[in-house]
Each structure stands twice: as structure tokens, then as C-alpha cells.
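Single-letter residue listing:
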Amino acid sequence: MIRLFVGLGNPGPEYEDTRHNAGFWWIDALARGLKASPQLDTKYFGMVARVNDAPGAPGPIWLLQPMTYMNLSGKSVAALARFFKIAPEEILAIHDELEIAPGELKLKQGGGNAGHNGLKDMQAQLGSANFWRLRLGIGHPGHKGEVAGYVLRKPPVAERQAVEDCIAKSLEAFKLMTGGDMAKAVALLHAKPPRPKPPRPANLPPKPGATGTGAPVAANANANANANANANANAHTNASAAAASSGPATTSSAAVPAAPPPSGD
């Protein structure tokens, strides 16, 4: 289960809305949902909130925004984790991710740091890479030399909204994380929306018994039956009229036995 939620970013108003602060945005959203108010705690070098009744959690959880600047994030995380005896696998680091498009996310445990200085310092200070990571996509500028300036700039409004939507989606798994069901949390966040069925071509005939086609089929059948009944009635009428015009019926001459020849007596 997750006991410590760490959003990575840089302190100060000049960095508040930059891409590199996506982890701070996540903690802000979670704090609003939990009605928590992170406060500066110099013992842990960051903004800290303790929540004692978080949904799904069997005990208290902590929200943390390190105020050490990104490159020294591990100093803050390790200080709080050591004091409250929180293991690396009980920590979730939320951070910006260049290799994922805005509006997408990935949840994973362990792995490398992909050059992310916040993750790199966390690994060094915790002595382990076994903590969980929630990677919020911010996209890549396309050239390695542009990365530093890119992450420290504000994203366009549409990109910021895509990240905020992603944050809202990830918070749907919060109760699973605090309850320790990380496998379900991963499955929920990585699930793809169902693909819509393609529309049926307009020139195809309706399927027998399909919804909305029963009434016309029945109507056609009734019309055919009525037409057959009318044809039979007309035929009967015509036959009766012919019989009446020819008088009483007689036996055909071919059916009458021939008279015996006259005897020679």
C-alpha cells in the first residue's frame, strides 16, 4: 500500500505552472479532494500534510512536496520516510514524463530514472529504486538540447488541460493505492476505452428479427397472404360464373356405353 505520496517539482511562483511541476499539480489536486492543507515543515524540507482518515487507508498517509528544488528531492523524501518508517515500496513519486504524450500516464514500480534528476536523487537518498512512480506525460520537444528549456516553460492551455484530465483520471485509483491493491490500480489506469462498433452500411438489408425490422416484415407477410386470398376468391368466382352459363352438367358421350349391335336372329 502507498503511505507517502510525493509530488516532484520546483518551489517558487516562477516555476508553479511549468511542465516540470506536474507532480506538484497532482498533490494539489489530491489535497483539495481530501480537504488537506500541506504546510511547510523544515524537518522534512517540504510542504507536508498528514491525513488520518484517507479512503481505503488502514492508517495515516502523508502528502509531500519537496522544497529542495528538483535535484535534491531525495533529501526531503528520505527524511520523512526514515522518521515514519515508510519503506520504498510504500512510496509513490508523481513526476513529469517526457516520453509520454500529454494526457497519458503510466504507473509502475521500480526501474531507472531516465535522466530525471528528481528520481535520481530519490534513488540515491533512499538507497533503493523500488518505489512506485506515476508518470504524467508532458511530451518531448523533439530534440535533446531543448529539454531543459522545455520542462521549465508553461505548456499551452490545451496541453495543461490534458495533464489536468490525466490527473483526475489517476485519482480514481487512489483508494486502490492506499488499500494496497496496486495490481488493480495499474489495471484501472492502463485500461483502454472500448473501441466503438463501426456503423452498419446503409445499403445492407436489415437482419431478420433485428430491432425495428419486425413490423415491416410482418406487414409484408400479411399483404402477401391477403393477395393470395383475393386471387383464390377471384378464381372461385370465375369458375362459378362459367358453370352457371352452360346449364346443368351432363355426362360426356365418351363415357356412355355403346348400344349392342342388332342380333342376327
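Residues numbered from 1 in each chain as written. Predicted model: local features only at pLDDT ≥ 70, side-chain atom pairs only at ≥ 80, totals over all residues. Heavy atoms only, no water.

Novice: Sorry if this is basic, but what is going on with the sheet that holds strand β5 (residues 91-97) here?
Specialist: Across a sheet, paired strands are connected by hydrogen bonds in the backbone, their directions being either parallel or antiparallel. If you trace the 7 strands from one edge of the open sheet to the other, you get β2-β3-β4-β1-β5-β7-β6, paired in mixed fashion. Two strands lie at the open edges of the sheet, namely β2 (39-41) and β6 (105-109), each paired on one side alone. Across the sheet, the axes of successive neighbouring strands diverge by a mean angle of 25 degrees, strand direction being ignored. Judged from the 3 bridges that link them, β2 and strand β3 (residues 46-51) form a sheet pairing that is antiparallel. Among the inter-strand pairings, Q39 is bridged to a residue of β3, identified as V48. (Pairing = 2+ DSSP bridges. Helix = DSSP H or I, 4+ residues; strand = E, 2+ residues; numbered from the N terminus. Axes fitted to C-alpha atoms, helices over the stretch in contact; angles between N-to-C directions.)

Novice: Would you mind going over helix α5 (residues 157-170) with me for this structure?
Specialist: In an α-helix there are 3.6 residues to a turn, and that puts residues three or four apart on one side. Over its 14 residues, α5 runs 20 Å from end to end, which matches the ideal 20 Å to within 8%, given 1.5 Å per residue. Every buried residue of α5 is accounted for by V163, C166, I167 and S170. The buried residues of α5 occupy an angular sector of 100 degrees when projected down its axis, which confines them to one face. Among the exposed residues of α5, those pointing more than 90 degrees away from its buried face are V157 and A158. Where α5 is buried, its residues touch α1 (22-34), β6, β7 (132-137), α6 (174-179) and α7 (182-190). (Expected span 1.5 Å × (residues − 1). Buried < 20%, exposed > 50% of the residue type's maximum accessible area, 1.4 Å probe, protein only. Arc of directions from axis to C-beta. Contact = heavy atoms within 4.5 Å.)

Novice: Explain α7 here, please?
Specialist: Regarding α7, the residues found buried are M182, A185 and L189. When α7 is viewed along its axis, its buried side chains cluster within an angular range of 55 degrees and face the same direction. Counted as exposed and oriented over 90 degrees from the buried face of α7: A183 and K184. Against the buried residues of α7 lie β6, β7, α5 and α6.

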